[in-house]
Amino acid sequence: MKLSTRNKDACVVVFSGGQDSTTCLLWAMKQYKEVVAVSFDYGQRHKAELDCAKEITDELNVEWHVMDMSLLNQLAPNSLTRSDIKVQQEEAADGEVPNSVVDGRNMLFLTFAAVFAKQRGITDIITGVSQSDFSGYPDCRDVFIKSLNATLDLAMDYTFCVITPLMWIDKCETWKMADELGGLSLVRDKTLTCYNGIRGEGCGNCPSCKLRKAGYDKFVELYRNNN
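Quick caveat: nothing in here was measured; it's all calculated off a predicted structure.

A closer look at the pairing of strand 4 (residues 122-126)
In terms of residue burial, strand 4 counts as a mostly covered element, since five of its five residues are buried. Summarising the sheet, strand 1 (residues 7-14) and strand 4 pair through four bridges and their orientation is parallel. Counted as the bridge partner of V13 is I126 from strand 4. Bridge analysis of strand 4 against strand 5 (residues 161-163) gives three bridges, and the strand direction is parallel. Within strand 5, the position partnered with I125 by the bridge is V162.

A word on the nonpolar core
The biggest cluster of nonpolar side chains holds 33 residues, and the ones touching the most others in it are L110, I125 and F160. Of all elements in the fold, only strand 1, strand 2 (34-41), helix 4 (105-119), strand 4 and helix 5 (142-156) reach the threshold of two or more residues within this core. With six residues, helix 4 is the single largest residue contributor to this core. Ignoring anything within four residues of it in the chain, the contact list for I125 reads V12, V14, L110, A113, A114, A117, F160, C161, V162 and I163. Listed in part, the 27 residues of the second largest apolar core include A28, I126, W175 and F219.

Observations concerning the environment of K210
Within the fold, K210 resides in helix 8 (residues 207-224). Owing to a relative accessible area of 44%, K210 belongs among the partly exposed residues under this scheme. With 16 residues separating them along the chain, K210 and C194 place their C-alpha atoms 9.2 Å apart. Within the structure, the side chain of K210 is placed 3.4 Å from the backbone oxygen of N205, a separation counted as a polar contact.

Considering the packing of aromatic side chains
By the definition in use, this model includes six aromatic pairs. Ring centres of W175 and Y216 lie 4.9 Å apart, and the angle between their planes is 75°; on these two criteria the pair is classed as edge-to-face. Pair noted here: W175 is in helix 6 (residues 171-180) and Y216 is in helix 8, with a separation of 41 residues, a long-range link. Exposure remark for Y216: the relative accessible area of 21% places this residue in the partly exposed category. Among the aromatic residues, those joined into a ring-pair cluster are W175, Y216, F219 and Y223.

A word on the layout of surface pockets
Empty space within the second largest pocket amounts to approximately 170 Å³. Looking at the second largest pocket, the residues that line it are W175, R188, G200, E201, G204, C209, R212, K213, Y216 and D217. A breakdown of the residues in the lining of the second largest pocket according to their chemical character gives three nonpolar, two polar and five charged.

How each quantity is defined
- Residues numbered from 1 in each chain as written.
- Predicted model: local features only at pLDDT ≥ 70, side-chain atom pairs only at ≥ 80, totals over all residues.
- Heavy atoms only, no water.
- Buried < 20%, exposed > 50% of the residue type's maximum accessible area, 1.4 Å probe, protein only.
- Helix = DSSP H or I, 4+ residues; strand = E, 2+ residues; numbered from the N terminus.
- Pairing = 2+ DSSP bridges.
- Core = buried A, V, L, I, M, F, W, Y, C linked by side-chain atoms within 4.5 Å.
- Contact = heavy atoms within 4.5 Å.
- Polar contact = N/O pair within 3.5 Å; in protein donor to acceptor, adjacent residues only side chain to side chain.
- Phe/Tyr/Trp six-rings, centres within 6.5 Å; stacked < 30°, edge-to-face > 60°.
- 1 Å grid on protein atoms, 1.4 Å probe; cavity = no way out; pocket = protein on both sides within 12 Å on 5 of 7 lines; lining within 4 Å.
- Points joined across faces, edges and corners; volume = space filled by probe spheres on them.
- Nonpolar A, V, L, I, M, F, W, Y, C, P; charged D, E, K, R; others polar.

Below you can see the structure in the form of structure tokens.
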């Protein structure tokens, strides 16, 4: 397949339909002329995640693709892909990772997104990982992103730029970013971050919902109540 001319005005966004990736999608739309969103079907037990991704990209008029990564469900059993594994409600102990970790997920997602991007002549890949609120997920750390970026360059003899707009900000600042981008209500009401598959505010009990709510409450206290 002949590659198109490298497109520096375009990017690929790794998109789940959750708070972080939707904020990154809004950010990318301000930075690039062409934005393509890529989601992954990895056997997640809440397929509503993909429904959210489709609805949001439709509303924002963003090109959207879904890639089949269902093999992850067989290789790395966890509470996000197995209904017989209860989502861990408490934070993991020091030195341990929560049972919602899907081993290798971000590495595979970014690798497939990079292969896709290269075929389009795109170098920039946007992902919503954050070391500030990484919750024990090793593939959300900055050192991993930098390492994988170098590996992708070498593997495909192509210069990628994996961009992480949320890497050094917490959930409060992520809400602030969404607000500044004009997407606060979209992110608050239409995204799915909950491990139990409930949109918007979610179940309120899983670790993801607690982190999201704590960040939102802090955002309201610091930024909204003063306006």
